[in-house]
Structure formats: C-alpha cells, structure tokens
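# Observations on the three-dimensional arrangement
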Amino acid sequence: MGKARPAAARWKGPGAPAGAQGGRAKPNPNPFEVKVNRQKFPVLGRKARHAVGQPGVSRARAVQKRTQTLLKEYKERDKSNVFTDKRFGEYSSNMSPEEKMVKRFALEQQRQHEKRSIYNLNEGEELTHYGRSLADVEKHDDIVDSDSDTEERGTLSAELTAAHFGGGGGLLHKKTPQQQGEEGEKPRSRRELIEELIAKSKQEKRERQAQREGALELTEKLDQDWKEIQTLLTHRAPKSENRDKKEQPKPDAYDVMVRELGFEMKAQPSNRMKTAEELAKEEQERLQKLEAERQRRMRGEDEGGDTRKPKHLSADDLNDGFVLDKDDRRLLSYTDGKMSIGEDQSGEASDGESEEEQGEDLSEEDPEDSSDPDGHSDLESDMESEDCGRPDREPRQAPGKRMTSGHRARGATRTELPYTFAAPESYEELKSLLSAKTMEEQLVVVERIQTCNHPSLAVGNKAKLEKLFGFLLEYIGDLATDDPPDLRVIDKLVVQLYNLCQMFPDSASNSIKFVLRDAMHEMEGSVEARGRAAFPGLDVLIYLKIAGLLFPASDLRHPVVTPALVCMSQLLTKCPVLSLQDVVKGLFVCSVFLDYVSLSRRFIPELINFLLGTLYLAASSKHGQGYTLVHPFRASGKNSELLLVSDEADTATWQRRGLSLRWAGGLKAQTKTEANHTRLSCLAVCLALVKHCVLLYSSLPSFHDIVRPLGALLTEHLADRRHPPELQELCRSTLADMEKQERRCRPLICEKSKPVPLKLFTPRLVRVLEFGRKQGSSKEEQERKRLIHKHKREFKGAVREIRRDNQFLARMQLSETLERDAERKRKVKQLFNSLATQEGEWKALKRKKFKK
C-alpha cells in the first residue's frame, strides 16, 4: 500500500474548494475500470456476490449518504431546538388524511371562537357610565364632574351649612304655638328634617345635571352649525360623511396597543442587592450602636431622662393638665344614609374613630414607652420572650419596684457581652476573651470579631483575620488537650474556621501545613531517638480531620491534603499498638482516611493493613491461613490479644454504641467491665470500617486479592461463638458483601516458564491438513467457528466505517477552516485597503494645506 494522501488532497466532495472536485463520481464510469468477477462453474447453494464492481459509483454513494446523515448531525451538534410537528393526528396511523383535516378544521374553528368571545361580557346589553354609553365616552370628550358646579363652585347652601357646621341647632329651634297654628302641622323630629334635607339636595343635584346635559346638547348643536358655516366662509364644498370617514382612518392594532400600554401601571423600581462590603459596614455600625447603648445603660445614663422623672407638684398647683380617663361625649354618625345618635353603649363607631381612640388609650396607658428615646433594640427579643412566659402582665408598677427592676437591668448589662471587639494581637488575648464563657458566647465573640474587622472596612483588617485563623487553630488544640476535651465547642468553631478559610485560603493552608509539619518532625525525632513513635495526641488527630473539612480531598495533588494523607499513612505504619488508646486513635485515623478517599476511591494499603491487624488482635485462634501480619502488628507477644474478651458476662451486657473520642484523649477504664465493653466497641467500629472499605473498593480489578485476608479473619470471628449476636451479624453481612462482588480482571503476574521436557523416543505424529477445506468437527464447533468468523468480519467493517466517518468529518472541518481563513484574509485585505485610502487622502489634504 502506498502512502496516504493528505486530507486536502483526498477530499473531492461537494463542499471542496474550486478545482478539488476531480471526477470521483462520474455519471459514466470508464469501462476499463469496471471489474468483473466471473465464475468458472456454478456451485450449488453458493450465492454470487459482487459480480460487477464500479469503484467510483459506490464511493460517491457513500459520500452522499454521509452528507445527508453524518454532516447534518455535525452541523446540528450545538443546537438544542428541534422542529416538532404538533398537528393533530400527524403521527397517528389509525386516521385517514380526510379525518385528520376535518378534525383540524374543527379544532381551529373552536380555538378562534374561544379567542373571539373570551372578553364578551353581555353582547345584548349596552354598558354605560354616569348615564352615558361607553362608546360615546371613547371619544375622549371633556366630562364634567357631576359633583362640581361651574357657576356655584365653592358655595354652600344655608341649610346645609347650618346642618353640618352649626351643630344642627337651626333645625331644632322650637316654634311658637302661633306659628304652629298658622302652619297647621305638627312639629317634625330631627330624623324627618334630615331626610327632607337629603331629598332637597338630591333634587338640586338632578336639576344641575339636567342643566349641564342641556348645555352640552346646545354646544354640540352649535359645533355642527359652525362646521356648516365654516365651509361657506372658506368657499369650499361641504365634504360628505363618507369622505370624512376615509380621511380619518381607524387606528390600527399597533396604535391600540400603544394606547393600552400607556394606561398600564408602571413597574416600581426595586432596591438593588447590597455588596458584601456594604453588608459588613452596616453590620459594624449596628454592633457599634448596640455597644454604645449597652455602655450607657451600664453607666446608668439615659438620653432624655428628664421625661421619666416625676415632675414636682407644689401645694398651690391647680392641676390644669388633668385629663379624663374616659370620654362620655356621644358621637354623631350616619348609618345607611340615616342619622343615628350614639345613645346606647352597644352602638358601633366608625373604623377610623375606633382606631384613633385605641391609639389614644394605648398612649395614655403607658406613656413611658412612647417617651423612651432608647428602644433597647438589643434587649427586645429577651423581653418579649419573658413577657410571653408570664400569663398575667401588670400594666403599671410602683416607683419602688421600677427602681429595683432598673438596678437589676444594670446588673444584667454588666454581665452582657460587648457588641464590638478588637482583633486579638496574640493567642493569650484571644484566650482571655473566650475563657470562662459558654459555647454560645464564644461563638458570638468570634463572629463579632470577624464582623467588626471585616477586610472591606479597613486596610489592616485582612492581616488581623489571618492571624485570627492561626489563633483559633491553637485554641482548638488546647481544647482537645483538656481533660475531658470540649468536643462540642470544637465542632462549632470549625464553622468559623471554614468561613475564614474561604476568605483567606492561602494563609489558612499555610497554618494547617505548619501544624502538620510540626507533628511530622516530632514523630521523626521520636523514631530516630527510640526506634518507634507513639500515636500523637487528640489535637493532631483533630487537625487532620479539620484539614479534610476545609480543603478538597478528592484532588490528585493538593498542597494541604496530600501532606495530611502522608502524615496519616506514617501514623498507621510507624506507631505500634500498645494499648486501647492506640487502637481508638488508629481507628479514628482510619475513619478520617475513608472520609478523604470517599470521592476519589484512592486505594490506601496502610488502611487495609491496620484493619487487618485490629481484627487479628480480637481473634481467639491465631493459627488461621490466608493472611500475614506486618508492622506495626506482631503475630505473638504481649499485645497480640489486646482486644480479646473472654468474660461471657461482659459480652452479654454489652450494647453497641458509638466509640467516644474521650478514650483517645487519655480517658482510662475504671473497671474491667468498661474495658471489655470498650474492646467490643472497637471491634464493632473496625467491622463497620471493613464493610465501608468493601463497598468503596468493589470496583478495583484486584478487589478479591485485597479483601481475601480480611475475609479469612472474618470467617474466624464468625466461627467464634463467644462474640455478641450484633457482631456476628455484622461479620456475616460483610462476608456477604464480599461474595456478591463480581471477579474483575486478575492482576498481572510474570508468566512461569515451562520446564524443558526430556528427549523421548516416541514417534511424532504429524496431522495432514487438507488446505482449502474445513476440517471435520462437531456441529457445535462449526457453528462456533462460523460465529467467530462473522464477528471478525463485522468488526473489521465497523472499524473501517468509523475510520471513513472520521476522515469525512476531518475533511468537513478542514473546509470550514479554509473558508474562515479566506474570509478573514479578505476582510483584513479590505481593511488595509481602506486604511491606505484614508492615509492617501490625509496626505493629499496635508500637502494642500502646506501649499496654501
């Protein structure tokens, strides 16, 4: 085979550049290129294939097919929109075309009818507004308000003035008997007078409305007459109504939409979201204000305190400012257009008056609340919670009681936490701020330190908060080394560490690496001095846990997580197990290891080795096969049965619980029963970690080789009937998980060379093969060979088609690249030409100015 030509030379497709289409798909192929395969004689049962081969036609058909399918998919690779035919019955094969068209026509008519009649309220009725048709209102004529009077605007009748502003006294004047006799009628009550007044006002209103309507009609008539006279004055013939209609076209849909949009309600602007710097500034100002209020209350000062002090009353004081507690005046109101006097107690007043009276009552009941300039916003939540707890709250207190509560409030203010804190400059300063405080108070102090020293508030705050991260790490280490360790506070402070780590990741990583580096140096020094190293304290273990929480543990390489993994590997390898504390620490390191690799599924051989050794320490029989112990465990010795429990009573009373980290902090068992329970808890934790490892590493090719030693030890533990039922069930479930996993590829091993056989005098039998024929074999063997041959042929064909598809796509991509390059060169050339033209014009203009 010759060398393969480049893609640009091989490509002769329809999208090739000019001159590239040579003659691949000719309509009339050269008869000398046609290859004819003739058979010498026919064979019964054999099909003749490829009798005539035309090399050009088949290749052109393949290119055309790829253009229609593969090229179309390539061009639509980044498109997500697809045209879908959603017409009724388009994909239904049970309906004829006529039925589809009829159903579509019916649906279209129904849809149009729904759209047309959706806003029709009552077609047979004419809608009016103030007695006028809405069709006339749409002319936008000036509508005169019915309540206004152009001639008598601003004037009130004498009767109306006397009734409303004179207290109704004019209406209730008693007449003399002579006047009553002359009029010949009985004296009327107040209600009758009010009804008569209302009837008169309505009658006057109707008369005014009739006058205005008459004036409008006369105005319209005058307008029409003026139009006719105007045509005579301008010597123009009067235009017909049809012509007027033609000259005034109806507004189209766009104009109608613009008019509707003009009457729509405008959107109200919303407040923009505040940035982190603005939020930090507001929080700092709030805390500073609360701190100032707390300091003022602690000193006993108060702004506007004169309002709270009782005024001095002399003996000659007439108490002119006396106010009645209750107003006995009756109110005048209207109900359903009729006047009603509030004579009875059950009459209801208006909503506005009731609200005003309620507000006055509240202000009169507790004047101190309204006159207090300091709202005590920082104590409102506490006061509200205390008030909710009291079933009966007294409205007032005696002055002596009030002073006692004031002193109590000052004492509470002195014990209250400040609202602003300066960033500590040393660890001792931070420890003094957090010592002798509860967990909630410590969290509040740390949070307020971060808020008051946000990096956006001042220039040096960033360095202060970076130091705060290191101080908090050191404080957590001190809490872990206490007896007993305060794990609840550590758990809450990790959140603050995470917030600081998100703000300053570089300084946080440096602090964690510094702590881990010190632990590694200490362990290396111990190994060099004594030949072995003990497990570190609980503070280092917590630092390793915190490193996995603050930084991503699934990265292949990380400046903090990778050293932490190495440190934990060294701990599980170089630290021997000599006590129950060492077992607890090692199991804790194993659990941290699994947290680190839960996402990356990285295989840790030190982890498997430590779990294997822990199971060995709890096994009763030490003569099992299938596993080998390595450092730091020994097959025999003083600590080879560290986790073995022989007391059946302690085994029966054991209950499965979580293993506390207090054992790792130096806590020792007080009794033998507690020690046995701790051993069983360690074994339960170890079995749970083994089960986790089985589920985690089930996808590894060498999974069965990894878990084979663990399976052997688990079988021994299962055979031991002295274990509690819970542990036996855990062993049984772990073994079941191991057996459920399918066997993957076997690991690579060196091939063993076969031994050279001795020379024998047995004759060598050579099988005579008949070339061209299939050797005799069974029917199953022939079928197997036929399937193998077919599989090879189909596989080669698939590979060939894939290769040709890739070549076709490469040619298409090359054509696109060439087109883009040509277009870019054309545009660049055009730009250079335009710049050259501008430069020439500018030079000509400069020469012309120079000549002038």
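Residues numbered from 1 in each chain as written. Predicted model: local features only at pLDDT ≥ 70, side-chain atom pairs only at ≥ 80, totals over all residues. Heavy atoms only, no water.

So, about the overall build of the chain. Counting its secondary structure elements, the chain contains 29 helices and six strands. Of all 852 residues assigned to the chain, the portion counted as buried reaches 24%. For the chain, the share of sequence-separated contacts (at least 6 apart) that also reach a separation of at least 24 residues comes to 70%. Carbon and sulfur atoms provide 53% of the accessible area of the chain, an area that totals close to 65,100 Å². (Helix = DSSP H or I, 4+ residues; strand = E, 2+ residues; numbered from the N terminus. Buried < 20%, exposed > 50% of the residue type's maximum accessible area, 1.4 Å probe, protein only. Contact = heavy atoms within 4.5 Å. Areas by Shrake-Rupley, 256 points an atom, 1.4 Å probe, with all protein chains shown as cover.)

Here the focus is helix α27 (residues 703–719). Relative to the 24 Å expected for 17 residues at 1.5 Å per residue, α27 spans 24 Å between its end C-alpha atoms, a close match to the ideal helical length. Of all 17 residues in α27, 12 are buried, a share of seventy percent or more. Buried within α27 we find Phe 703, His 704, Ile 706, Val 707, Pro 709, Leu 710, Gly 711, Ala 712, Leu 713, Leu 714, Glu 716 and His 717. Next to the buried residues of α27 lie α24 (605–617), α26 (672–696) and α28 (725–740). (Expected span 1.5 Å × (residues − 1).)

This next bit is on a negative patch on the surface. A grouping of Glu 213, Glu 217, Glu 220, Asp 223, Asp 225 and Glu 228 is seen on the molecular surface, where their side chains present a negatively charged patch. By the secondary structure assignment, Asp 223 is in helix α8 (residues 190–233). By relative accessible area, which is 42% here, Asp 223 ends up partly exposed. (Patch = residues over 30% accessible without salt bridge, like charges linked within 9 Å, V, L, I, M, F, W, Y side chains within 5 Å. Salt bridge = Lys/Arg side-chain N within 4 Å of Asp/Glu carboxyl O. Lys, Arg positive; Asp, Glu negative; His and termini not counted. Charge placed at Lys NZ, Arg CZ, Asp CG, Glu CD.)

Looking now at the nonpolar core. Of all hydrophobic cores here, the largest spans 113 residues; its most connected members are Phe 469, Tyr 596, Leu 611, Leu 615, Val 690 and Tyr 697. When sequence neighbours within four positions are dropped, the list of residues in contact with Val 690 reads Leu 611, Leu 615, Leu 710, Leu 714, Thr 734 and Met 738. Ranked by size, the runner-up nonpolar core spans five residues in total, among them Leu 70, Leu 71, Tyr 74 and Met 812. (Core = buried A, V, L, I, M, F, W, Y, C linked by side-chain atoms within 4.5 Å.)

Turning to the packing of helix α17 (residues 439–452) against helix α19 (residues 487–503), a few remarks are in order. Two quantities define a packed helix pair, namely the angle between the axes and the distance from one axis to the other. Packing of α17 against α19 brings their axes to within 10 Å, and their N-to-C directions diverge by 10°. The angle between α17 and α19 places the two elements in the roughly parallel class. Contact residues: α17 offers Met 439, Gln 442, Leu 443, Val 446, Glu 447 and Gln 450, while α19 offers Arg 488, Val 489, Lys 492, Leu 493, Gln 496, Asn 499 and Leu 500. Split into classes, the residues belonging to the contact of α17 with α19 amount to six nonpolar, four polar and three charged. (Axes fitted to C-alpha atoms, helices over the stretch in contact; angles between N-to-C directions. Parallel < 35°, antiparallel > 145°, perpendicular 65-115°, else oblique. Nonpolar A, V, L, I, M, F, W, Y, C, P; charged D, E, K, R; others polar.)

The N-to-C vectors of α26 and α28 enclose an angle of 15°; their axes lie 10 Å apart at closest approach. Regarding the angle of α26 to α28, the classification is roughly parallel. Once α26 is placed against α28, the crossing between them reads as left-handed. Facing α26, whose interface residues are Leu 680, Leu 683, Ala 684, Leu 687, Ala 688, Val 690, Lys 691, Val 694 and Leu 695, α28 presents Leu 727, Leu 730, Cys 731, Ser 733, Thr 734, Asp 737 and Met 738. In terms of residue class, the contact of α26 with α28 is made up of 12 nonpolar, two polar and two charged. (Left-handed = near helix turned anticlockwise from the far one by under 90°.)

The next point concerns the pattern of salt bridges. In the structure shown here, the tally under the stated rule is 18 salt bridges. Among the salt bridges present, the one from Asp 705 reaches Arg 708, with a minimum N-O distance of 2.6 Å. Here Asp 705 pairs with Arg 708, and both are found in helix α27, just three residues apart, close to one helical turn. For Arg 708, a relative accessible area of 44% puts it in the partly exposed group. Salt bridges here are not isolated pairs; linked through shared partners, they connect Arg 66, Glu 801, Arg 804 and Asp 805.

So, about helix α20 (residues 505–530). Note on helix geometry: an α-helix contains 3.6 residues per turn, so any two residues three or four positions apart are oriented the same way. Across its 26 residues, α20 extends 38 Å between first and last C-alpha, which sits within 8% of the 38 Å expected from 1.5 Å per residue. Regarding α20, the residues found buried are Ser 507, Ala 508, Ser 509, Ser 511, Ile 512, Leu 516, Ala 519, Met 520, Met 523 and Ser 526. Packing partners of the buried residues in α20 comprise α18 (461–481), α19, α21 (538–550) and α22 (561–574). Backbone geometry just downstream of α20 places Gly 531 in the positive-phi region, at approximately 85°.

Scanning the model with the defined rule gives two aromatic pairs in all. Their ring planes at 75° and their centres at 5.5 Å tell us that Phe 603 and Tyr 697 sit as a pair that is edge-to-face. In this pair, Phe 603 sits in the loop between α23 (580–596) and α24 while Tyr 697 sits in the loop between α26 and α27, placing the two residues 94 residues apart along the sequence. The ring of Tyr 74 carries Arg 77 above its face, with NZ or CZ at 4.1 Å from the centroid. Its guanidinium or amino end placed over the ring of Phe 88, Lys 103 lies 5.9 Å from that ring's centre, counting from NZ or CZ. (Phe/Tyr/Trp six-rings, centres within 6.5 Å; stacked < 30°, edge-to-face > 60°. Lys NZ or Arg CZ within 6 Å of the ring centre and 35° of its normal.)

With respect to the secondary-structure elements, Gln 728 resides in helix α28. The residues contacting Gln 728, other than those within four sequence positions of it, are Leu 718, Asp 720, Arg 721 and His 723.

What follows covers a nonpolar patch on the surface. Where nonpolar side chains cluster on the molecular surface, the patch consists of Val 828, Phe 832 and Leu 835 and spans about 300 Å² of accessible area. Note that Phe 832 resides in helix α29 (residues 779–851). Using a relative accessible area of 56% as the deciding quantity, one classes Phe 832 as exposed.

Mean pLDDT over the chain stands at 75; residues scoring 70 or higher make up 69%. When the criterion is pLDDT under 50, residues 168–174 qualifies, and its contacts beyond four places in sequence or with other chains add up to seven contacts. Every residue in residues 304–309 is under pLDDT 50, and counting partners more than four places away or in other chains gives four contacts. (pLDDT = per-residue confidence, 0-100.)

The topology assignment puts Cys 567 in helix α22. C-alpha of Cys 567 to C-alpha of Arg 517: the two residues are 50 residues apart in sequence and 8.9 Å apart in space. Beyond its immediate stretch of four places on either side in the chain, Cys 567 contacts Met 520 and Leu 544.

Attention now goes to unusual backbone geometry. Residues other than glycine predominantly adopt negative phi, and peptide bonds predominantly adopt the trans conformation. Cis geometry is adopted by the peptide bond preceding Pro 484, which originates at Asp 483 and carries an omega value of 0°. Looking at the secondary structure, you find Pro 484 in the loop between α18 and α19. Cis geometry is adopted by the peptide bond preceding Pro 632, which originates at His 631 and carries an omega value of 15°. Turning to its location among the elements, Pro 632 is positioned in the loop between α24 and α25 (648–653). Unusually for a residue other than glycine, Ala 436 sits at a positive phi of about 60°. Position of Ala 436 among the secondary structure elements: in the loop between α16 (427–434) and α17. Relative accessible area serves as the criterion here: at 85%, Ala 436 is assigned to the exposed category. We note that Arg 601 has phi near 55°; this positive angle belongs to a residue other than glycine. Tracing the backbone through its elements, the reader meets Arg 601 in the loop between α23 and α24.

For the rest of this paragraph, the subject is the side chain of Arg 104. Relative to the helices and strands, Arg 104 is located in helix α4 (residues 97–116). Residue classification places Arg 104 among the buried positions, given a relative accessible area of 18%. Beyond its immediate sequence surroundings of up to four residues, Arg 104 is in contact with Arg 87, Phe 88, Gly 89 and Glu 90.

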